[in-house]
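Structural overview
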Amino acid sequence: MAFRPPVPHDPRLFSKSRKRWILACLALGSSLNGFCSTIYFPGIPDITEQFGASDIEVTLTTSLFMLFGGIGPILWASMSDHYHIRRFLYLNSLLIFSVASIGCAISVNVYMLLVLRCIQSIGTSVTISVGAGTISDCWSITERGAAFSVLFVGQFFGPLIGPVLGGGLTTLLGWRSTFWFCTGYGLFLFFFLFTFLPETYRVEGKFPDIKLPSSISNNRYSSDPPTAASNMTATIDNNNRNSDSYHYATMEEPDNSSTDISENNNNSKQSDPAQQRMNPFASVLLLRHLFIFMIALGTGIIFGTMFTIETVIPSFYETAYGFESWETGLSYLGAGIGNLLGSIVSGWFSDHLIKRAREKRGGTALTEDRLTMNTWPGFVLVPLGVLIFGWSLVAHFTVWVSIIGFAVVCFGMSQVYTAGSAYLVDALPGKGASVTGASNLMRMSMACVLSLIAQPLADSIGPGFLSVVLAGFNVLAIALFLLVKLKGQSMRERAGYGKNYE
């Protein structure tokens, strides 16, 4: 029961206060990956000097951290969907992270640090995929944009605080203190989630139907009778805004015979997960669907661009402005503020615009509505900010110009990242953790590759032309999102996910 506690009530009917606690747990948990990936950035020159390591060896501690941050969510998502659990995985990942952080703090050479950074990354990555599944468990489709924005505020809060705190710790206590701090933070999160996070795994079709308004139940894309998994959103969404909590007495009592049939079908399809074989590659295979691959690659390019700039800033600013560790850490504040503002704006606008699109269509749901108009300015802001960042360094402008350019990149990235992530969860109901894990693998792989080649490329062609290369990649990302916006419905139908509204 401790491993897989029962979920007796529909998590979508949790009270608002309980959902807030769940969001707080998710936001804090999601901050760990970005926080841990950046807190030691200001100490990279010291690590290089103390271990006598080459630039490429130290860069690998960053790039492989990102790569394993893509592999880890695949494993966590597979276990989550196979065993029907969320909470147990969160808690165990935090213990793994804390132990690995102790190892990083006592590392005796760069190779030991490299291996333990990879284990650290796996421990921090659970919220990336399983967190998306928890949001799918607890929030209806027209509320997920706001919920995702809070999740992403947590993800981007880490990179905001990490370098600033890391710069101060490195200057005062040395680079090892950053990993001791990570240990303490990981243990704090373990006890916080242990106290406030319930199990939320919601098996599709397990809970009774709630009657829909006729405008949505007569969906023009739906020729089959609505199912339990597809027919809950509208009423849940309306009532959640009017009441702090739900009572099961308000739910329409289903016909006993239909309930028995539904339960029998559900039992036949979802037998005891322990008796089935877990396939970690099942999540990766979702990338074979064109609409998933295109969105994953587009968000991967955007995120990889941001992370590439993060990794080159210490060397660029040390060379161009003679920055010390604490000054380098403070320079990341602009990027963090851009991420936070972007997440807040994108979440609110995403839900607002998807509701407006449904109203114009008479209540009919279309998943591509998630790719709303707030997504597209992001594709302008990211390349613009990249070019400002790169060429301001070439022109030897004040450091504030490059800081503002990076902040613009992060604000624009948040618009695209929130829309793309929410779209994939909406498009594959019941597979939120798995599809997010697959997308994250693509995203982290792009970040790994781009960050690995960025410094050698910058040494060869300079930061200005590096920014041109990154901006060119983002043009490809624009094209991918536009194709899914226009042709996504037909792509999903060919893949067997055409009727996927709740």
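Look up: the structure comes first, before these words.
The shown structure was predicted, so the numbers you read here are calculated from the model rather than taken from an experiment.

1. Observations regarding the overall build of the protein
- Helix and strand counts for the protein come out as 18 helices and zero strands.
- Buried residues in the protein amount to 58% of all 502 residues.
- When contacts within the protein are restricted to residue pairs at least 6 apart in sequence, long-range pairs at least 24 apart make up 85% of them.
- Here the protein displays about 19,700 Å² of accessible surface, and carbon together with sulfur accounts for 66% of that area.

2. Some thoughts on the environment of A147
- Examined against the element boundaries, A147 turns out to sit in helix α7 (residues 144-173).
- A residue is classified by how much of its surface remains accessible, and A147, at 2% relative accessible area, is buried.
- Spatially, the C-alpha atom of A147 lies 9.6 Å from that of A422, the residues being 275 residues apart in sequence.
- Discounting residues that sit within four places of it in the chain, A147 has contacts with L23, I135 and W139.

3. A few points about the side chain of D137
- Relative to the assigned elements, D137 resides in helix α6 (residues 126-138).
- Reaching out from D137, the side chain makes a polar contact with the side chain of R86 at a distance of 2.8 Å.
- In contact with D137, not counting residues within four places along its chain, are P11, R12, R86, T200, Y201 and R202.

4. Here we look at the nonpolar core
- By size, the foremost hydrophobic cluster in this structure holds 112 residues, and its most contacted members are Y317 and F406.
- Take this core: its biggest share by element is 17 residues, from helix α18 (residues 432-495).
- The contacts of Y317, once residues within four sequence positions are left out, are G322, F323, S331, F389, L393, V399, S402 and I403.

5. Brief notes about the packing of aromatic side chains
- Evaluated as defined, the whole model comprises 24 aromatic pairs.
- Measuring from ring centre to ring centre gives 6.2 Å for F41 and Y332, while their planes differ by 45°; the resulting arrangement is tilted. On the criterion of sequence distance, the pair formed by F41 in the loop between α1 (16-38) and α2 (44-51) and Y332 in the loop between α14 (325-331) and α15 (333-360) is long-range, its members being 291 residues apart.
- Ring geometry for Y321 and F323: centres 5.8 Å apart, planes at 40°, overall tilted.

6. Remarks on the packing of α7 against helix α8 (residues 176-196)
- One can describe the packing of α7 onto α8 by two numbers: an axis separation of 7 Å at closest approach and a directional angle of 125°. The orientation of α7 with respect to α8, classified from their angle, is oblique. Seen from α7, the contacting residues are L165, G166, L169, T170 and L173; seen from α8, they are S177, T178 and F181.
- When its residues are assigned to classes, the contact of α7 with α8 shows four nonpolar, four polar and no charged.

7. Here's the deal with the environment of S402
- The topology assignment puts S402 in helix α17 (residues 399-427).
- Not counting residues within four places of it along the chain, the set of residues in contact with S402 comprises Y317, Y321, F389 and S392.
- Here the side chain of S402 touches V399 through a polar contact of 2.8 Å, landing on its backbone oxygen.

8. Considerations on empty space enclosed by the protein
- In this structure the tally under the stated criterion is seven cavities of 30 Å³ or more.
- In this model, the largest cavity occupies a volume close to 150 Å³.
- The wall of the largest cavity is formed by 18 residues, among which N33, G34, Q155, F303 and R443 lie closest to the centre.
- Among the secondary structure elements, those contributing two or more residues to the lining of the largest cavity are α1, α6, α7, α13 (290-321) and α18.
- Here the lining of the largest cavity takes five residues from α1, the largest share from any one element.
- The calculated volume of the second largest cavity comes to roughly 90 Å³.

Rules behind the numbers
Residues numbered from 1 in each chain as written. Predicted model: local features only at pLDDT ≥ 70, side-chain atom pairs only at ≥ 80, totals over all residues. Heavy atoms only, no water. Helix = DSSP H or I, 4+ residues; strand = E, 2+ residues; numbered from the N terminus. Buried < 20%, exposed > 50% of the residue type's maximum accessible area, 1.4 Å probe, protein only. Contact = heavy atoms within 4.5 Å. Areas by Shrake-Rupley, 256 points an atom, 1.4 Å probe, with all protein chains shown as cover. Polar contact = N/O pair within 3.5 Å; in protein donor to acceptor, adjacent residues only side chain to side chain. Core = buried A, V, L, I, M, F, W, Y, C linked by side-chain atoms within 4.5 Å. Phe/Tyr/Trp six-rings, centres within 6.5 Å; stacked < 30°, edge-to-face > 60°. Axes fitted to C-alpha atoms, helices over the stretch in contact; angles between N-to-C directions. Parallel < 35°, antiparallel > 145°, perpendicular 65-115°, else oblique. Nonpolar A, V, L, I, M, F, W, Y, C, P; charged D, E, K, R; others polar. 1 Å grid on protein atoms, 1.4 Å probe; cavity = no way out; pocket = protein on both sides within 12 Å on 5 of 7 lines; lining within 4 Å. Points joined across faces, edges and corners; volume = space filled by probe spheres on them.

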